[in-house]
Amino acid sequence: MNGMDWVEFIRKTEDKMYHLHRAIDGICNNPDYKESVTTLTEVVRDYQVLVEKAKGELRGIDLHRDRERAHHYDHDHH
């Protein structure tokens, strides 16, 4: 994946995490959902690990050069 792909992945994943946090907040005080809260919390942790890995990948990419390459590609192929 290129730098912009990683940025989009991070954005989408963080959005999913936000919605999971909202769902957890909504059901955390209901004892019937205790197991669901535990599972959703694990899912959020898994997403957080993915986001951290993606951010690590992104740090290793020269976004300026990546954008220039995409710009040149667009002009060369149109």
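Since the structure is predicted, the reported quantities are computational estimates derived from the model, not experimental observations.

Draft legend 1. Here's a closer look at the packing of aromatic side chains. Overall, the coordinates contain one aromatic pair when judged by the stated rule. Between W6 and F9, the aromatic rings sit 6.0 Å apart at their centres with planes inclined by 90°, giving edge-to-face as the arrangement. Separated by three residues within a single helix, W6 and F9 lie in helix α1 (residues 3-27), roughly one turn from each other.

Draft legend 2. Broad picture of the nonpolar core. Residues W6, I10, M17, V51, A54 and L58 constitute the largest nonpolar core, which totals six residues. Looking at this core, the elements that each hand over two or more residues are α1 and α2 (34-59). Beyond its immediate sequence surroundings of up to four residues, A54 is in contact with W6, F9 and I10. Counting residues in hydrophobic clusters, the runner-up holds five residues, among them I24, I27, V37 and V44.

The rules behind these values
- Residues numbered from 1 in each chain as written.
- Predicted model: local features only at pLDDT ≥ 70, side-chain atom pairs only at ≥ 80, totals over all residues.
- Heavy atoms only, no water.
- Phe/Tyr/Trp six-rings, centres within 6.5 Å; stacked < 30°, edge-to-face > 60°.
- Helix = DSSP H or I, 4+ residues; strand = E, 2+ residues; numbered from the N terminus.
- Core = buried A, V, L, I, M, F, W, Y, C linked by side-chain atoms within 4.5 Å.
- Buried < 20%, exposed > 50% of the residue type's maximum accessible area, 1.4 Å probe, protein only.
- Contact = heavy atoms within 4.5 Å.

Worth remembering: the numbers are spatial, not functional.
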